[in-house]
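Chains, contacts and geometry: an overview
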Protein chains: 2
Amino acid sequence: MKNNTRDKIIEAAAMLIAHKGLYGFSIAKAAWAAEVDANVAAEFFPSDTNLYEAVLENQFSLYASKMEAVFDDDNASPTEKVMRFAQAMCEVHQQAPHFFPIYYWELLNPSLYFQTIIEPRIRHVAYLSDNNIARGIQKGMFKHGLNPANMTMLLAGTLHYFFLATRLAPSLLPERGNDEEYFNQVLEVFMTGLKEQRASRILYQNRF
Amino acid sequence: MKNNTRDKIIEAAAMLIAHKGLYGFSIAKAAWAAEVDANVAAEFFPSDTNLYEAVLENQFSLYASKMEAVFDDDNASPTEKVMRFAQAMCEVHQQAPHFFPIYYWELLNPSLYFQTIIEPRIRHVAYLSDNNIARGIQKGMFKHGLNPANMTMLLAGTLHYFFLATRLAPSLLPERGNDEEYFNQVLEVFMTGLKEQRASRILYQNRF
């Protein structure tokens, strides 16, 4: 019950921060949104900063654990892991809809916790993805000469902007496919571009 | 001279807004940053809102005119235009380094001007790009079945996150290539994935 109340306050705070950033947020507002008595909320979180820290911890731990799990499976191929990476990002977006906005508020105007909570998680996930793509290149699955860090950035970027634009400003773009179509087509284009083009290479050799 | 002063105030305001969003911004601060007398600034801009509107107009007009020019050339192929689209986004980033942060502040927490200044420009550029990709598909250059809107989103997204992450948090990622390498590899992967794979198709047919 106690934990349940605490979680409710953190969830309500995450929603407020996603919508208005740090400026529009306080324990009192989070307590109100969570329908929790302000005095009870103050027992859990002595200050706004404590609550904000708890929200970041909660959001970025969830992100890190979901994304790190992608790279745990020793039996999955580099290709499989790239696809699971994209899939996991979509799951974060669905299960923690405030994550990407909160991350962007922090990117635009970093708090004290950017370095301690956010950077280590983002770096570690990027590091795992870079390594996976490097392994794919070593094995001859992915194109030689590609910088793995660039490929991680490319794939992450395609999903970030989509999540933000469609979630925050649904009427922004003239038209768009549904989430699943976007996700599938991004992976189709990305995986085709990432892979060694054996077919065209053979064809090219045959021409001479 | 007068216009020069006005431009200096707008540029200083853009810098302040990029760094701290609307909250950290006022005419007085912009005047101070532009080294312009506060009374002179107040003559150009009666209120903070006027100045903010002028900044958005300035930034998004520049964005729209640069991006729309990409699609003006009737002699360029759809492929050429996709490459110029990416190139133009990089030029916006270089020539107007506050553009992307300001756009993201507005995405996260839209002002009154989102609908009047931002949305029409973003929609129109997306519309032009969607049409160009649709033409490429019609001509058999790009893969059949791809939704042009998804491809515009994909390409824009790969550049947005790169600009933001590298500009705002240079130490965020474990390693990365330089801007030019990133840009070239994104285009390489994207264009390979976007194009009809004639080679592999022929090879596939030859197998049977």
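Refer to the preceding data block for the structure.
Treat the numbers as computed from the prediction; the structure is a model and nothing was measured.

1. Focus on the overall build of chain A
- A tally of helices and strands in chain A yields 10 helices and zero strands.
- Starting at the N terminus, the α and β elements of chain A follow one another as α-α-α-α-α-α-α-α-α-α.
- Each of the three principal axes of chain A carries a C-alpha extent, and together these read 80 × 40 × 30 Å.
- The burial tally for chain A puts 56% of its 208 residues in the buried class.

2. A few points about the side chain of Q59 of chain A
- Among the secondary structure elements, Q59 of chain A is positioned in helix α4 (residues 48-70).
- Dropping the residues within four chain positions of it, Q59 of chain A is found in contact with A14, A96, H98, F99 and I102 of chain A.

3. Describing the packing of helix α5 (residues 78-95) of chain A against helix α8 (residues 148-168) of chain A
Residue and element names in this part refer to chain A.
- Interaxial distance between α5 and α8 falls to 11 Å at its minimum, and their mutual angle equals 25°. The angle between the axes of α5 and α8 places the two elements in the roughly parallel class. Where α5 crosses over α8, the two elements pack in a sense that is right-handed. Between α5 and α8, the contacting residues are V82, F85, A86, M89, C90 and H93 on the first element and T152, L155, A156, L159, H160, F163 and R167 on the second.

4. Focus on the relation of the copies chain A and chain B
- Once chain A has been moved 0.0 Å along the axis and rotated by 180°, it coincides with chain B to within an RMSD of 0.0 Å. Both chain copies can therefore be described as sitting about a two-fold axis.
- Both copies contact each other with a shared surface, as 100% of the interface residues of chain A are interface residues in chain B too.

5. Quick word on the packing of aromatic side chains
- For the coordinates displayed, the defined rule picks out 33 aromatic pairs over all chains.
- Consider the rings of Y52 of chain A and Y113 of chain A, whose centres lie 6.3 Å apart with planes at 45°: the pair is tilted. Of this pair, Y52 of chain A sits in helix α4 while Y113 of chain A sits in helix α7 (residues 113-138), placing them 61 residues apart in sequence. Residues Y52 of chain A and Y113 of chain A agree in their burial class; the two are buried.
- The interplanar angle of 50° and the centroid separation of 6.4 Å between the aromatic rings of Y104 of chain A and Y161 of chain B together place this pair among those described as tilted.

6. Some words on the interface of chain A and chain B
- Facing 60 residues of chain A, the contacting portion of chain B comprises 60 residues.
- Area buried by chain A at its contact with chain B is led by L108, M153 and Y161 of chain A, which between them contribute 15% of it.
- For the interface between chain A and chain B, the tally reads two salt bridges.
- A salt bridge links E188 of chain B to K143 of chain A; the nearest nitrogen and oxygen atoms lie 3.8 Å apart.
- In terms of residue class, the side of chain A that touches chain B is built from 35 nonpolar, 16 polar and nine charged.

What counts and how
Chains are numbered independently. Their residues run from 1 in the order of the written sequence. To read the labels, note that chains go from A and ligands from 1, taken in the order they are written. Selection of residues for local features in this predicted model requires a pLDDT of at least 70, selection of side-chain atom pairs for listing and counting requires 80 or more, and totals for whole chains, interfaces and linings are taken over all residues. Just so you know, side-chain values use all the structure's heavy atoms and leave hydrogens and water out. Put simply, DSSP H or I for four residues or longer makes a helix, DSSP E for two residues or longer makes a strand, and each gets a number counted from the N terminus. Accessibility here uses a 1.4 Å probe with only protein chains present; expressed as a share of the type maximum, an area under 20% marks a residue as buried, one over 50% as exposed, and anything in between as partly exposed. Any two residues whose heavy atoms approach within 4.5 Å at even a single point are treated as in contact. Angles here are taken between N-to-C directions and fall from 0 to 180 degrees, while the axes themselves are lines fitted to C-alpha atoms, restricted in helices to the stretch in contact. Working definition: roughly parallel below 35 degrees, roughly antiparallel above 145 degrees, roughly perpendicular at 65 to 115 degrees, and oblique for all remaining angles. Here a crossing is called left-handed whenever its near helix is offset anticlockwise from the far helix by less than a right angle, and right-handed whenever the offset is clockwise. Residues below a pLDDT of 70 in either copy are left out; the C-alpha atoms of the rest, at least 70 in both, set the least-squares superposition of the copies. Two rings from Phe, Tyr or Trp (for Trp, the six-membered ring) form a pair when their centres sit within 6.5 Å of each other. Planes less than 30 degrees apart are called stacked, planes more than 60 degrees apart edge-to-face, and all others tilted. Summed over both partners, the accessible area lost on bringing two parts together, with a 1.4 Å probe, is the buried area. A side-chain nitrogen of Lys or Arg and a carboxyl oxygen of Asp or Glu constitute a salt bridge if their distance falls within 4 Å. Gly is placed with the polar residues, together with every amino acid not listed as nonpolar (Ala, Val, Leu, Ile, Met, Phe, Trp, Tyr, Cys and Pro) or charged (Asp, Glu, Lys and Arg).

Nothing here speaks to function; it is all geometry.
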